[in-house]
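Descriptive analysis of the structure
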Amino acid sequence: MSENIVSKSKFSTREIVIIAMFSAILAVCSWISVPTTIPFTLQTFGVFATMSISGGRKGFFSILVYILLGAVGMPVFSGFSAGISALTSYSGGYIWGFIFLALTYWCAEKFIGKQFIVQVISLIVGMLLCYLCGTLWFMYVTKSTFIYGLSACVVPYLLFDALKMILALFVSARVKKYVRI
């Protein structure tokens, strides 16, 4: 019995490759910066695509590997930043928030199902948790108010993040049509 439980928790070589591949995709998406009045990266697009293409379990571990790579000094975060300093900076809480997004998606997938509407709702709820985590950390680091944190760090990105989510769901539907992950 215990042997069966242990074997289910292990990853196959294929799963490890998928997790590593999506961790790399997250890094590349983090490096792509679109210069606008408020510059933004494709980091959240990478997170949404990772979750919706690879699924909750592999997506969660892809994000975890991505964060751990950055924590040990690999320049995987936006602006080619890395290290604990990036994770404890004023915007580091948003990176940690990706873990809550991934857990939300994974739990919804496991307990509710893999239907498209479940994907959409879990990504939205997960992103709200990510915003909350990041904003609370921003408040702590900058000694600012919640309203200021939301107005400076969330509101300007809402439309962009919604567009990135729609694009990621579209791309994932196309990818899953041709590739079994």
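First, a word on scope: everything that follows refers to the structure included in this document.

1. Overview of helix α6 (residues 92–111)
Counted at 1.5 Å a residue, the expected span for α6 with its 20 residues is 28 Å, and the 30 Å between its end C-alpha atoms agrees. The first or second residue beyond α6 is Gly113, which carries a positive phi of 140°.

2. Re helix α9 (residues 158–178)
Here α9 is 21 residues long and its end C-alpha atoms lie 31 Å apart, about the 30 Å a rise of 1.5 Å per residue gives. Within α9, the full set of buried residues consists of Asp161, Lys164, Met165, Ala168, Leu169 and Ser172. Each buried residue of α9 lies within a common arc of 140° when the element is viewed along its axis, so the set occupies one face. Residues of α9 that are exposed and point more than 90 degrees away from the buried face comprise Leu159, Ile166, Phe170, Lys177 and Tyr178.

3. A word on the nonpolar core
Ranked by size, the top nonpolar core spans 38 residues in total, and within it Met51, Ile63 and Leu123 carry the most contacts. For this core, the secondary-structure elements that each account for two or more residues are α2 (13–31), α3 (43–54), α4 (56–71), α5 (84–88), α6, α7 (116–142) and α9. In terms of residue count, the dominant contributor to this core is α6 (seven residues). Setting aside chain neighbours within four positions, we find Met51 in contact with Gly56, Gly59, Phe60, Ile63, Leu101, Ala102, Tyr105 and Leu123.

4. As for the packing of aromatic side chains
One pass over the full model with this rule turns up ten aromatic pairs. Between Tyr90 and Phe138 the ring centres are 6.1 Å apart and the planes differ by 75°, which places this aromatic pair in the edge-to-face class. Taken as a pair, Tyr90 in the loop between α5 and α6 and Phe138 in helix α7 lie far apart in primary sequence, 48 residues in all. Look at Tyr90 and you get partly exposed, because its relative accessible area is 48%. Relative to Tyr140, the ring of Trp137 lies with its centre 5.2 Å away and its plane at 35°, an arrangement referred to as tilted. Remark: Tyr140 and Trp137 occur in helix α7; sequence separation between them is three residues, near one turn of the helix.

Here is what the cut-offs are and how they apply
Residues numbered from 1 in each chain as written. Predicted model: local features only at pLDDT ≥ 70, side-chain atom pairs only at ≥ 80, totals over all residues. Heavy atoms only, no water. Helix = DSSP H or I, 4+ residues; strand = E, 2+ residues; numbered from the N terminus. Expected span 1.5 Å × (residues − 1). Buried < 20%, exposed > 50% of the residue type's maximum accessible area, 1.4 Å probe, protein only. Arc of directions from axis to C-beta. Core = buried A, V, L, I, M, F, W, Y, C linked by side-chain atoms within 4.5 Å. Contact = heavy atoms within 4.5 Å. Phe/Tyr/Trp six-rings, centres within 6.5 Å; stacked < 30°, edge-to-face > 60°.

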